[in-house]
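Here is what each chain is made of, one letter per residue.
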Amino acid sequence: MERRVYLDNAATTYVSSEVLNEMLPCFNAVYGNSSSLHSFGREASHIIDRARDRVCKAINASKPNEIYFTSGGTEANNWAIKGIAYANKHKGKHIITSQIEHDSVLEACRALEREGFEVTYLPVDEYGLVSLASLLHNIRKDTILVSIMSVNNEVGTIQNIKAIAKTAHENGILFHTDAVQAIGAVKIDVQDMEIDLMTMSAHKIYGPKGVGALYVKNGVKIDPLIDGGNQERGKRGGTTNVPAIAGFGKAVEIATRDLVVNQQKLKAIRNYFLDKVMERIPYVKLNGHPQQKIQGTVNLSFELIEGESILMLLDLNGVAVSTGSACTSGSLEPSHVLKAMGLSDELAQGSIRFSFGKSISKDDVDYAIDKLAEAVEKLRSISPLTKAGRKKEKN
Ligand SMILES: *Cc1c(COP(=O)(O)O)cnc(C)c1O
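The text that follows walks through the structure, step by step, so that each part is easy to find. (Residues numbered from 1 in each chain as written. Predicted model: local features only at pLDDT ≥ 70, side-chain atom pairs only at ≥ 80, totals over all residues. Heavy atoms only, no water.)

1. Digging into the site of the ligand
- Around the ligand sit 14 residues in total, of which Thr74, Asp178, Ser201, His203 and Lys204 are the nearest.
- Gly73 is positioned with one of its backbone polar atoms (N or O) 2.8 Å from an oxygen atom of the ligand.
- Within the side chain of Ser201, an N or O atom sits 2.7 Å from an oxygen atom of the ligand.
- For the ligand, whose unbound accessible area comes to 380 Å², protein coverage reaches 88%.
- Counting residues per element, the shell around the ligand draws most heavily on helix 4 (residues 73-87), which supplies three residues.
- Broken down by class, the residue content of the shell around the ligand amounts to two nonpolar, ten polar and two charged. (Near = heavy atom within 4 Å. Polar contact = N/O pair within 3.5 Å; in protein donor to acceptor, adjacent residues only side chain to side chain. Areas by Shrake-Rupley, 256 points an atom, 1.4 Å probe, with all protein chains shown as cover. Helix = DSSP H or I, 4+ residues; strand = E, 2+ residues; numbered from the N terminus. Nonpolar A, V, L, I, M, F, W, Y, C, P; charged D, E, K, R; others polar.)

This is how it looks when you write it as C-alpha cells:
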C-alpha cells in the first residue's frame, strides 16, 4: 500500500506534538497522586489546576471549578443526563433530547426510561436542525432537562444552541449540550450561550483518548455518577489521570486558539473536495445543512450503491472514511441521524462521512477523490440497481 489518507477525523484524531509534549513529563517525572499532600502530589495537582484553567478560559466558564474531568465524552454525557435526572426527580421525570444525538446520550436516556423517566426525542428537519417550535410544543410542567448536541457528528449541522438554551430557561428547565464536535469548530462561550452543562472530549481535537470533561455551571445540582474518593470536589471519584488531563487541557487551548485558521483551511479543502466530487460523480446528494455546519465534516449519499462497499474499496486503496450506517449483527442498519433527517433507507445506506483533519494536503485530497470516483464507478457498473448493472446481469 503506497499512500494512506485519513478522512475519519470525526471518529478520532492523532495526538498533536504540542499535546504529546505536554503529556510526556506526566508519565515519569511528575508521577504523584494529585490528592497526596506531599510535594509529589502538589506537583501533579498543579498540572491538573493548569489544565482546568485552560479549559475554563477556552469555553469562558466563570470559574475553573465548573470543569470536572471525566474519562471522555461518553461518561460526561451519561453523567450530565443521569446526574441531573436523579438530582431533580422530585421536580419531575421528563427529559427532552433529539433523535440525532450521539449514542451515549440516547442510551443514557433509554436507561432512564427503564427506570420510569419519560423522554421526548425531538425530530429534526431535512438539514438536521431541531426547531424551537417543536421544543416549545414538547415542554411540560415536569420537564427537568433539555439536552441537544451543539454539532452533529455524522453530518456536521450546528444547532441554534443559544436560542434553545434560552427557551429551556424561560421555562425553568436546565440545558445540557454535547459539544464534543463543536470544540475547535465553533466559538463556545458557555455564559453567553446560557449553557448549564456541557460535554467535551479530547480525542476529537488532537488530544489523547479516554479523557474529557463536563462543565457544570456553579449552582446546578448534580448527583455523582462515579462514587469514590473526594477527587473532582467529591463529584467524580477515581485517581486523576494526570497525563491525559494535561493533554486535554492543552488540546482545548490549541483548538480554541487555532479555530479560525483551521476552519478557514478546512473550508477551502471542503469546497475543493465537494466541487471535484460533484463534477466527476453523478447522482450524489449532500447531507446536512448547506451553511450552518462545521467545515471539516462532509456527508454524501451515493445513489444506487452501498456506503459499506465504497468504504471497503477505499480502504483497499488506503483511504479511511466512515459510513453513516453502523453494521449491526450482519444486517445493515441505516444511520439514525440520516433517517431522522428524512432520507430513504437506500440513500442512508449509500452514505459516506468524510471528515478532514487540520494537516491534510491537497495531494491527499486529490488522491482520495480519484479513488472515490473509481470506487463509485466500479460499484455502479456491477450494481443490479443501475442500467449498466442490469445490462451486465442479462449477459
Ligand atoms: C465521540 C463523541 C462522543 C463520545 O466521546 P468519547 O470521548 O469517545 O467517549 C460523544 N458525542 C459526540 C458528538 C461524539 O462525536
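Structure's up, so let's keep going.
2. Some details on the nonpolar core
- If you look at the biggest cluster of nonpolar residues, it comprises 67 residues, and the most contacted ones within it are Ile59, Ile188 and Met198.
- Ranked by residues supplied to this core, first place goes to helix 8 (residues 242-257) with nine residues.
- Here this core spans two domains, since at least three of its residues come from each of domain 1 (5-13 + 259-383) and domain 2 (17-257).
- Residues in contact with Met198, not counting those within four places in the same chain, are Ile59, His176, Thr177, Ala179, Ile183, Ile188, Val190, Ala213, Leu214 and Tyr215.
- Counting residues in hydrophobic clusters, the runner-up holds 31 residues, among them Leu266, Ile352, Phe356 and Leu372. (Core = buried A, V, L, I, M, F, W, Y, C linked by side-chain atoms within 4.5 Å. Buried < 20%, exposed > 50% of the residue type's maximum accessible area, 1.4 Å probe, protein only. Domains from an automatic or database assignment. Contact = heavy atoms within 4.5 Å.)

3. Focus on the pairing of strand 8 (residues 212-216)
- Where burial is concerned, most of strand 8 is hidden: five out of the five residues are buried.
- Residues Gly212, Leu214 and Val216 of strand 8 are buried on one face, and the alternating residues Ala213 and Tyr215, pointing to the opposite face, are buried as well.
- For strand 2 (residues 67-70) and strand 8, the ladder comprises four bridges, and the chain directions are antiparallel. Considered in strand 8, the bridge of Ile67 is made with Tyr215.
- In terms of strand pairing, strand 7 (residues 197-201) meets strand 8 through five bridges, oriented antiparallel. When the sheet's bridge partners are listed, Met198 is paired in strand 8 with Tyr215. (Pairing = 2+ DSSP bridges.)

4. Considering the state of the cysteines
- Here the structure, examined in full by the defined rule, presents zero disulfides.
- Distance from the sulfur of Cys26, which forms no disulfide, to the nearest cysteine sulfur (Cys56) is 20 Å. (Disulfide = S-S within 2.5 Å.)

5. With respect to helix 9 (residues 259-280)
- Helix length check: helix 9, at 22 residues, gives a terminal C-alpha distance of 31 Å against a target of 32 Å (1.5 Å per residue), a fit within 8%.
- Of the residues making up helix 9, those classed as buried are Leu259, Asn262, Gln263, Leu266, Ile269, Arg270, Phe273, Leu274 and Val277. Projected down its long axis, helix 9 shows its buried positions confined to an angular sector of 135°, all on one face. Among the exposed residues of helix 9, those pointing more than 90 degrees away from its buried face are Val260, Val261, Gln264, Ala268, Asp275 and Glu279.
- As for helix 9, its buried residues are in contact with helix 8, strand 9 (284-287), strand 10 (297-302), strand 15 (351-355) and helix 13 (362-382). (Expected span 1.5 Å × (residues − 1). Arc of directions from axis to C-beta.)

6. Topic: the sheet that holds strand 10
- The strand order 9-10-15-12 describes an open sheet built from four strands, whose pairing is antiparallel. Since the sheet does not close on itself, it has two edges, and those belong to strand 9 and strand 12 (322-323), each with one partner.
- Where strand 10 lies against strand 15, five bridges are found, and the strand directions are antiparallel. Along strand 15, the bridge assignment pairs Val298 with Phe354.
- With respect to the sheet, helix 9 is in contact with strand 9, strand 10 and strand 15, its orientation differing from that of strand 10 by roughly 10°. (Axes fitted to C-alpha atoms, helices over the stretch in contact; angles between N-to-C directions.)

7. Notes on the sheet that holds strand 3 (residues 94-98)
- Across the sheet, seven strands lie side by side as 2-8-7-6-5-3-4; this open sheet has mixed pairing. The sheet is open, and its two borders are formed by strand 2 and strand 4 (118-122), each paired with just one other strand. Within the sheet, the average angular offset between the axes of one strand and its neighbour, ignoring direction, is 20°.
- Against the sheet, helix 5 (residues 103-114) contacts strand 3, strand 4, strand 5 (143-147) and strand 6 (174-178), and its axis sits at roughly 150° relative to strand 4.

Taken by themselves, the reported measurements are silent on function.
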